[in-house]
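# Structural overview
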Amino acid sequence: MGGCRGSAVVTLENLTVSYRQHPALHHIGGKFVKGALTAVIGPNGSGKSTLLKSIMGLVQPAGGCIRTDTPRSRIAYLPQQSEIDRSFPMQVRDCVLLGNWTTVGAWGGISAAMLARADAAIHTVGLVGFERRTVGSLSSGQFQRVLFARLLMQDANLMLLDEPFNAMDSRTTAALLALIHQWHTQGRTVIAVLHDDAQVLAHFDQTVLLARELVAWGPTAQVLTEANLQRARVLAEAWDDTAEICHADEAAA
Amino acid sequence: MSDLYDLLVGPFAEFAFMRRALVATLALAMSAAPLGVFLTLRRMSLLGDALSHAVLPGVALAFMLFGLSLPAMALGGVAAGLVVAALAGVISRATALKEDASLAALYLVALALGVTLISRQGSQIDLLHILFGSALGVDEPGLLLVAGVASVSVVALAALYRGLVLETFDPLFLAAAHTGRASRPWVWQQSFLMLVVINLVAGFQTLGTLMAVGLMMIPAVSARLWHESLAAQLLNASAQAAAAGMSGLLLSYHLDTPSGPTIIGCAGALYALSLLLSPGGWLPRILKRPHRVA
């Protein structure tokens, strides 16, 4: 599964992640192609966010392993918006400048070049004039643009985006998709959790279909078949509180 | 004119204890109030209250061993507060409990322990002194302690500032970006809690353990009503705390009321004014200023 052309930027080997013994990801293996746009799809609760979090090392695998060829300072991660405190008195420009954290850290100075790059990023996402506004006064679409500006600031080789277009209008989505395509032409790797099948088909060349188990991994057209999607729905519904202990690892050994 | 002098300057010019009390409260205002702003931003407004109870067993133990010695009691209080804060942090990382839940359990146990220790040894008057303090009783070592703590914590807060802001605003981004020891999220949280503890202990001498929290939290809460930028909120909180400290001392002198509660009362009055008049308050909402075209 996942026998992809090109070299891998992230390799998953028999990855299992569980919350209170229930697997959120169950024996997942595959390779993310370097420089590709990969969509991660699946029903709710199928482990998509967990997959991104485990690549970032934010949750510990219960089994298997993850290998990345990119140093952490070159990986950018955009979590779901609900995890950010938007009532914090933070100006748009300061928020974008936080993208420099991996290079300047807690005490380094912000150079004029960084300020110029921040303003350029704000310009790119179409928020000129909003620099001094607080993030709490923005709409969720505008705020998502701010977070994309912060991603631009981070200048990463590998981007992990968790539902980046959730609750965005079509204009914002189009603008942000254009940015993703720009990253693609610059040779950066993008892995995005998405829900819109048509969007995945139109813009992402690789797709991972999850339902806690891996359903399919490969070129989007081959993954997005009715049979695969149906299988994912059935698998995702099969939650059992008293499920038996999995012995797959021992059987394989 | 001389009336005004007698009212506002006279008490400080005349009495050394009033001058010491003034310097102590101004120093506390500078360091404690900005910490309070961060506590409200982190939705931990009640944490100061919890920690102020948590220092009690340390203070009591030091009192039993060394008598009414300020350095011993201060060190005991800091030690107890840090142990409780650190334990709560360890528990929240090692188990499914969130930090506020583990802290609630720990500080209640610490409070019970503190009260038990005090009632075994001291008289009721000692307990009152520890709980309610006395700004007018600040002596030279006490003043040095307060000024020292204030200096350390202002400098430390400046050093922690960026990390603390990021950890409060977007903890997941910080966790995802962590490349070395210094940027581990809990380092910021724990250093911040240490600052809160030493400020509460510095405050207990002048205001008492229960009242020290007031100077930390009340100006911070009302400062948040006035400004949209964090820097302005921090300055405003310090200014309000200083104003409350000065007017509280004068009022308690002229009206012969206990100084700690009077200072907190003044902070409360400023809070009430802020609730009414500030941009985020009640009157501007009622008056409905005309809106702009864009």
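Predicted, not measured: the structure shown is a model, and the values here were computed from it.

Here is what the cut-offs are and how they apply
- Residues numbered from 1 in each chain as written.
- Chains lettered and ligands numbered in written order.
- Predicted model: local features only at pLDDT ≥ 70, side-chain atom pairs only at ≥ 80, totals over all residues.
- Helix = DSSP H or I, 4+ residues; strand = E, 2+ residues; numbered from the N terminus.
- Rg over C-alpha atoms; globule rule 2.2 N^0.38 Å.
- Buried ≥ 20, exposed ≤ 12 C-beta atoms within 10 Å, placed from the backbone.
- Contact = placed C-beta atoms within 7 Å.
- Nonpolar A, V, L, I, M, F, W, Y, C, P; charged D, E, K, R; others polar.
- Domains from an automatic or database assignment.

## Re the overall build of chain A
Counting its secondary structure elements, chain A contains ten helices and nine strands. The globule rule puts the C-alpha radius of gyration for 253 residues at 18 Å, and the 19 Å found for chain A is close to it. Going through the 253 residues of chain A one by one, you find that 39% of them count as buried. In chain A, of all internal contacts separated by at least 6 residues, the share reaching a separation of at least 24 is 71%.

## Comments concerning the interface of chain B and chain A
The interface of chain B with chain A comprises 18 residues on the first partner and 19 residues on the second. Of all the secondary structure elements, the ones that give two or more residues to the side of chain B that touches chain A are α9 (140–169), α10 (171–177) and α13 (230–255) of chain B. Looking at which element gives the most residues to the side of chain B that touches chain A, the answer is α9 of chain B, with five residues. Residue classes in the side of chain B that touches chain A are distributed as nine nonpolar, six polar and three charged.

## Focus: unusual backbone geometry
Not every positive phi belongs to a glycine, and H27 of chain A is a case in point at roughly 50°. For H27 of chain A, the position within the fold is in strand β2 (residues 22–33). The exposure class of H27 of chain A is partly exposed, given the 19 C-beta atoms found within 10 Å. Residue D256 of chain B is not a glycine yet carries a positive backbone phi of 60°. For D256 of chain B, the position within the fold is in the loop between α13 and α14 (259–277).

## As for the domain arrangement of chain A
Residue and element names in this part refer to chain A. Examined at the domain level, chain A breaks down into domain 1 (1–70 + 158–163 + 189–253) and domain 2 (74–156). Here the C-alpha centre of domain 2 lies 29 Å away from the C-alpha centre of domain 1. Residue-level contacts link ten residues of domain 1 with nine residues of domain 2. Of all elements in the fold, only α1 (48–56) and β6 (158–162) reach the threshold of two or more residues within the side of domain 1 that touches domain 2. Top contributing element to the side of domain 1 that touches domain 2 by residue count: β6, with five residues. In terms of residue class, the side of domain 1 that touches domain 2 is made up of six nonpolar, two polar and two charged.

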